[in-house]
Structures are given as structure tokens and as C-alpha cells.
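Observations on the three-dimensional arrangement
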Amino acid sequence: MELRINQKTYQVDADADTPLLWVIRDDLGMTGTKYGCGLAQCGACSVLVDGNVVRSCVTPVAGVVGREVTTIEAIEADEVGKRVVSTWVDLQVAQCGYCQSGQVMAATALLKQNPKPSDAQIEAAMVNLCRCGTYNAIHAAVHELAGKGDA
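A few points on the structure. (Residues numbered from 1 in each chain as written. Predicted model: local features only at pLDDT ≥ 70, side-chain atom pairs only at ≥ 80, totals over all residues. Heavy atoms only, no water.)

1. Focus: the side chain of Thr 33
Looking at the secondary structure, you find Thr 33 in the loop between helix 1 (20-27) and strand 3 (46-49). Not counting residues within four places of it along the chain, the set of residues in contact with Thr 33 comprises Leu 21, Ile 24, Arg 25, Ala 44, Cys 45, Ser 46, Val 47, Ser 56, Thr 71, Ile 72, Glu 73 and Ser 101. (Helix = DSSP H or I, 4+ residues; strand = E, 2+ residues; numbered from the N terminus. Contact = heavy atoms within 4.5 Å.)

Written out as C-alpha cells, the structure is:
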């Protein structure tokens, strides 16, 4: 089947119900998207599909045929994604970093859909799990990106 990932077209030979995560990581070698729980709960596997956050560990690869998938490897090609990554680095958001690719994807999707989200909208969008507990730093980064400083 033909997939469009990071603005490139790939031919993949996978069963239709294979999780997108395994095609991205194992077949295409893009390992920035992480396996966390396999249950769509933690968000480490988050990618953007047509600009929306999707948990790739439970998304059948057939479900993204004809759609645009963006992984962490290409997020800086997007102006908002580039700003998110830069702010993450400037504020030293990551500790171990394992969940951060999913966090960056969620923040990018939020800010592309709503450049000035309210606190409630940030809380609703930034639900990925972080075992290191960097939630305060994540929220501070999203606030800064939204022009709210540390509000």
C-alpha cells in the first residue's frame, strides 16, 4: 500500500491492520515515534494525521492511506513545529525525553489549531503521560508559545 509520510510517498508491504507505529519504526526506520503502552493511553506514539494527533500504536496502517502523516522527524519542517521544538530546548522541558516526541506532536497540533489556547484547552490537549513528571515544564512551554509567558 502507498503511504504519505513526512511529505514523501512510501510503498509498504504490511497487513492492513498492522499498527502504523510498527510500519513507521520497523519498516521505514523512523524511530523518533516511540512505543509506550500499546493501548493509546500514554501518547509516546503520537503522530499527526492530516494535522490531528493520532495514537499510532492502535491506528491500522490502512486507515492512513491517502492521508498525510507527520512524524517527529519532520515536525521542524512546519513553522509551528519548529517553534515548539525550539521552545522545548530553550526551556529544557525534557528529562529522560522518551515521551517528548509525542508531547511535541500534541503541542504542535494544539497550537496549529488554536494559536492562543486557554488554560482549559491546554489541559485538554496535553494529556500524554510523562514518567518523569515534566508536566509543569510542558505547560510553561505551551504557555510561552501561546504568548502567555508563565501565566
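There's plenty left to go through after this.
2. Side note on the sheet that holds strand 5 (residues 68-70)
In space, the five strands of this open sheet follow the order 2-1-5-3-4, with mixed pairing throughout. Both edges of this open sheet fall to strand 2 (8-11) and strand 4 (52-55), since each of them pairs with a single strand only. Averaged over all adjacent pairs, the angle separating strand axes in this sheet is 40°, with direction ignored. In the packing of helix 3 (residues 100-113) onto the sheet, contacts are made with strand 3, strand 4 and strand 5, and the angle to strand 3 comes to roughly 35°. (Pairing = 2+ DSSP bridges. Axes fitted to C-alpha atoms, helices over the stretch in contact; angles between N-to-C directions.)

3. Regarding the environment of Glu 73
Along the chain, Glu 73 turns up in the loop between strand 5 and helix 2 (79-90). For Glu 73 and Leu 20, which are 53 residues apart along the polypeptide, the C-alpha to C-alpha distance reads 15 Å. If near-sequence neighbours (up to four positions away) are discounted, Glu 73 is found in contact with Asn 6, Met 30, Thr 31, Gly 32 and Thr 33. Separated by 3.3 Å, the side chain of Glu 73 and the backbone nitrogen of Thr 31 make a polar contact. (Polar contact = N/O pair within 3.5 Å; in protein donor to acceptor, adjacent residues only side chain to side chain.)

4. Quick look at the environment of Ser 86
Mapped onto the elements, Ser 86 comes out in helix 2. A C-alpha to C-alpha distance of 19 Å links Ser 86 and Ser 46, two positions 40 residues apart in sequence.

5. Let's talk about a negative patch on the surface
Taken together, the side chains of Asp 13, Asp 15, Asp 17, Asp 26 and Asp 27 present a region of like negative charge at the surface. Here Asp 27 lies in helix 1. With relative accessibility at 47%, the residue Asp 27 sits in the partly exposed group. (Patch = residues over 30% accessible without salt bridge, like charges linked within 9 Å, V, L, I, M, F, W, Y side chains within 5 Å. Areas by Shrake-Rupley, 256 points an atom, 1.4 Å probe, with all protein chains shown as cover. Salt bridge = Lys/Arg side-chain N within 4 Å of Asp/Glu carboxyl O. Lys, Arg positive; Asp, Glu negative; His and termini not counted. Charge placed at Lys NZ, Arg CZ, Asp CG, Glu CD. Buried < 20%, exposed > 50% of the residue type's maximum accessible area, 1.4 Å probe, protein only.)

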